[in-house]
Every structure is written in structure tokens, then in C-alpha cells.
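A look at the structure
Here are the chains, one letter per residue:
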Amino acid sequence: ISAEALQLVVKDCKPKAKIVDLCEKGDSFIREQTGSMYKNVKKKIERGVAFPTCVSVNNTVCHFSPLASDERVLEEGDIVKIDMGCHIDGFIAVVAHTHAIQEGAIKGRAADVLAAANTAADVALRLVRPGKKNKDVSDAIQKVAAAYDCKIVEGVLSHQLKQFVIDGNKVVLSASNPDTRVDDVEFEENEVYAVDIVTSTGDGKPKLLDEKETTIYKRAVDKNYHLKMKASRFIFSEISQKFPIMPFSARALEEKRARLGLVECVNHDLLQPYPVLHEKPGDYVAHIKFTVLLMPNGSDRITSHPLQELQATKSIDDPEIKAWLALGIKTKKKGGGKKKKGKVCFVIAAEESNLLVILPNTFSSTGKKGDKTEDAAGAEAEPMEETAEATSQA
């Protein structure tokens, strides 16, 4: 669903398109699609937007999801970062992609920053695996960015995802800085991560320019405070009912009352803000994020979107980076030699009666003469078809 929502927004990224309309289109599609699933189950299932659609342009790094009154539009040549997420029953998938509003290949430094993000994401996919440590990933993606003469943006965290938890305790710090420290952790089987890569042609130290641009918040469930203002209490009550766990956009609240009430909620740590950050004007910024499952047979990247054609001015020559990129995503099965004989079940279902008739049969995957093969199985299966048909007619 998140991949389809992303595709829908990318398709509409055209000159003069209003940014707020693109954000609302992504969120509406996610709400509609998740709302149509599991309608007939008895248990109430939470579903919907896990992270509001953000459309951050050019040197704006992240989290730009404006209010309905905002009139800003896209222009030809803009570099657009699209970020979003959805969930069903608290199981989250997030994705971010960078798109240039232009015809033909992306060239020059814009291509470099995109290639750096994409290559760093490919390396991270191969290093976020059981047995590896978060520091291994941090060091590797910084080395990749340097190969393209770019920087990994400071403060970006790749979080473990759990049911109803979008910012788990296990994290990968993309680029270290004095204000952000994380514990060393090891990746384990059956974990899920949101791998978040942001690269810049600037110094990689984004700034908050205007607090009023911040519109995305998440309720801090472990904090309590008795709010003084009536507007604050009203807004916090609405947030607690509609968005008890996942991040949300202030666009979903009544705008005038939200402006008054959100400030007090943030000042007393009841809400965690997601600030809109900026690099310097003229800097190019690229953002790629994907969800990866650490399965027993290897890593499954479940969200992505293809890039436009890139003609970067730099290329990868470093043997260590090449070695990382050559690593497989799936693990090879252990063992070898002759395959053991096993059992296969031939199943025939009588549709109207919901009857399943199951016949076990020994088989050998080597297919040698003398083994029970499909011919023998077919001979034994024939009576089953008659039984199923008779039951159906009855």
C-alpha cells in the first residue's frame, strides 16, 4: 500500500502542483486502502497512516507537510523528497524516495547526491543482517557518501520497527554528532528496520529555521501534565482519541485551535515534534528510506521505488565498498548432496461443502526410475476427484 501511495504521489509531482495537495493525496490513499482491508473480522483492527506524507523540496531535508492554507507549489527542476508510511494492526511499512521534476537523465551534483543515497541504501541493505552491528552500517554509509563527495546528514536515525512502535530502541545513527549518541547493538533474526538514508552536497548539518513550519507530531505516551489552556486540553483530547500512538499531521486537526493548543503540549513534552530542517540554499539533498525484514533466509526489502536515470560525476572505485555491494541479500541453504525423501500431500477441495480430502504420497526430488512420481500420484488421486465431486453434488 505504501509503495502504491508513493507511486501515486510521484506521478503527480509536476510543475505548479501544490505541495499540500500531494501530501493529502498520499494520506487519503493510505487511509482508503488500509480501511478496505480486514473489514469482516470480529476484532477491531487499527489501521491507517503510520507516518504522514511529507514533500520536502530542494535544500529542505525532511518533514515538510504543510497545513491546508499553505500555497507553495513545485517548480521545474525541483528535487523532491517524498516520505510516508502506513500500518495495519500496528505492523508498519515506511518508504521515502527522491524525484527530480525534469525530463531526461539527472546530471551533475544532483545526480551525485542521489547516487550516494542509493548506493548507501544498497550497502545498508547488505549490512543490516543478523550478527552485524549498527556501527558497521554507520561507518559504511559514511564511506559511500564520501566516495561521491557528499555527506550523510547528521541526526538521521534508522529505527527498529515493532507492532505499534515506529521508533524502537535499536537504532542506527547515520552520522555521529556531539548531540546524538546511541548504544551499540547487534541485529537479530526476525527483526524489522526502517533504514533511513539522507545525503547532502552541503555540510550535512541541517538547521531548524522556523518552528512554525513544524506540523508533524507524535504523542509521548509516557508523559503526563495538566494543561492550563482550554484549547490545549481540547486538542490533546482529540489527539489522544484519533492518534494515540502513530505520528500525525496538524492538518488533521482544526487549524486555528491547533495553533494555540499544540504549543503548550509541546512545551510540556506531551508531544514529540518532527521539525522541518534545512541545508543551505543551493545544496542538494536526497532521501531514501525502506523497510527491511531480517528473515531466516536473508533480508527482504519490502518498500522501494525505482530511481530516474542518473549521470553522476563520481563513481565507486573503493574495493571495500565494491565488496559490500557484492554481498548477497539472501543466505545460501546449508547442506548439500542427495535430497532426502519427503512427503507431499495432494489436496482436492469440494468448493460448496468446504471439504478437504488429503492423500499423502512419498516422493523423491531426484526423479529416478522406480520412485513414486507424478504418474503414480495421479493414479492414486483419481478416486479422490470422484469423492469430491460426489460430496459437492450431495
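Residues numbered from 1 in each chain as written. Predicted model: local features only at pLDDT ≥ 70, side-chain atom pairs only at ≥ 80, totals over all residues. Heavy atoms only, no water.

Brief notes about the pairing of strand β15 (residues 285–295)
- Within β15, 9 of the 11 residues are buried, which leaves it mostly tucked inside the rest of the structure.
- Pairing of strand β9 (residues 192–200) with β15 involves 9 bridges; the strand directions are antiparallel. Of the residues in β15, the one forming a bridge with I197 is I288.
- In this sheet, strand β16 (residues 298–301) lies alongside β15 in antiparallel orientation, the contact comprising 4 bridges. When the bridges of β16 are listed, L293 appears paired with D300.
- The hairpin turn running from β15 into β16, its antiparallel successor, is 2 residues long. (Buried < 20%, exposed > 50% of the residue type's maximum accessible area, 1.4 Å probe, protein only. Helix = DSSP H or I, 4+ residues; strand = E, 2+ residues; numbered from the N terminus. Pairing = 2+ DSSP bridges.)

Re the sheet that holds strand β13 (residues 271–274)
- The sheet built from 3 strands is open, its strands ordered β12-β11-β13 with antiparallel pairing. Looking at the sheet topology across the chains shown, the edges are occupied by β12 (248–249) and β13.
- For strand β11 (residues 216–219) and β12, the ladder comprises 2 bridges, and the chain directions are antiparallel. Among the inter-strand pairings, Y217 is bridged to a residue of β12, identified as F248.
- Taken strand by strand, helix α6 (residues 255–267) contacts β11 and β13, and its axis lies near 105° from that of β13. (Contact = heavy atoms within 4.5 Å. Axes fitted to C-alpha atoms, helices over the stretch in contact; angles between N-to-C directions.)

Quick word on a nonpolar patch on the surface
- Judged by side-chain polarity, M37, Y38 and V41 come together as a nonpolar surface patch covering roughly 260 Å² of accessible area.
- Mapped onto the secondary structure, M37 falls in the loop between α2 (19–35) and β1 (47–57). (Patch = residues over 30% accessible without salt bridge, like charges linked within 9 Å, V, L, I, M, F, W, Y side chains within 5 Å. Areas by Shrake-Rupley, 256 points an atom, 1.4 Å probe, with all protein chains shown as cover. Salt bridge = Lys/Arg side-chain N within 4 Å of Asp/Glu carboxyl O.)

Topic: the pattern of salt bridges
- The full count for this structure, using the stated rule, is 22 salt bridges.
- Here K170 and E191 are joined by a salt bridge, their closest N and O atoms 2.7 Å apart. With K170 in the loop between β7 (157–161) and β8 (171–173) and E191 in the loop between β8 and β9, the pair connects residues that are 21 residues apart, well separated along the chain.
- In this structure K170 comes out as buried when scored by relative accessible area, which is 14%.
- Residue classification places E191 among the buried positions, given a relative accessible area of 9%.
- Beyond isolated ion pairs, a larger network of salt bridges with shared partners links E24, D27, R31 and R251.

As for α6
- Across its 13 residues, α6 extends 19 Å between first and last C-alpha, which sits within 8% of the 18 Å expected from 1.5 Å per residue.
- G261 marks the point of greatest bend in α6, at about 30°.
- Buried within α6 we find A258, G261, L262, E264 and C265.
- Structurally, α6 contributes buried residues whose contacts are with β11, α5 (230–242) and β13.
- One or two residues past the end of α6 sits D269, with phi positive at roughly 60°. (Expected span 1.5 Å × (residues − 1). Bend = angle between axes of the 7 residues up to and from the residue.)

With respect to the side chain of S56
- Tracing the sequence through the fold places S56 in strand β1.
- According to the relative accessible area criterion, S56 is buried, its value standing at 2%.
- A distance of 3.5 Å separates the side chain of S56 from the backbone nitrogen of H63, its partner in a polar contact.
- At a separation of 3.3 Å, a polar atom in the side chain of S56 contacts the main-chain amide nitrogen of F64. (Polar contact = N/O pair within 3.5 Å; in protein donor to acceptor, adjacent residues only side chain to side chain.)

Describing the confidence of the model for the protein
- Across the protein, pLDDT averages 85, with 84% of residues at or above 70.
- Here residues 335–394 is a poorly scored stretch, pLDDT under 50, and it has 55 contacts once near neighbours within four places are set aside; other chains count. (pLDDT = per-residue confidence, 0-100.)

Comments concerning the sheet that holds strand β14 (residues 277–278)
- Taken in spatial order, the 3 strands make up an open sheet running β2-β14-β10, and their pairing is antiparallel. Looking at the sheet topology across the chains shown, the edges are occupied by β2 (60–62) and β10 (207–208).
- Pairing between β10 and β14: 2 bridges, direction antiparallel. Residue pairing across strands places K207 opposite H278, the latter belonging to β14.

Examining a positive patch on the surface
- Positive charge collects at one region of the surface, where K151, K205, K207 and K280 lie side by side.
- The topology assignment puts K151 in strand β6 (residues 151–152).
- The exposure class assigned to K151 is partly exposed, which follows from its relative accessible area of 43%. (Lys, Arg positive; Asp, Glu negative; His and termini not counted. Charge placed at Lys NZ, Arg CZ, Asp CG, Glu CD.)

Re the packing of α5 against α6
- Viewed as axis vectors pointing N to C, α5 and α6 meet at an angle of 85°, and their least axial separation amounts to 8 Å. The orientation of α5 relative to α6 falls into the category roughly perpendicular. Here α5 contributes A231, S232, F234, I235, F236 and I239 to the contact with α6, which in turn contributes R257, A258, L260, G261, L262, E264 and C265.
- Of the residues that constitute the contact of α5 with α6, the class distribution is 9 nonpolar, 2 polar and 2 charged. (Parallel < 35°, antiparallel > 145°, perpendicular 65-115°, else oblique. Nonpolar A, V, L, I, M, F, W, Y, C, P; charged D, E, K, R; others polar.)

Points about unusual backbone geometry
- A positive phi angle, near 75°, is found at K16, a position not held by glycine.
- In this structure, K16 sits in the loop between α1 (2–11) and α2.
- Given a relative accessible area of 58%, K16 falls into the exposed group.
- For Y38, which is not glycine, the phi torsion reads 55° and is therefore positive.
- Residue placement: Y38 occurs in the loop between α2 and β1.
- By relative accessible area, which is 47% here, Y38 ends up partly exposed.

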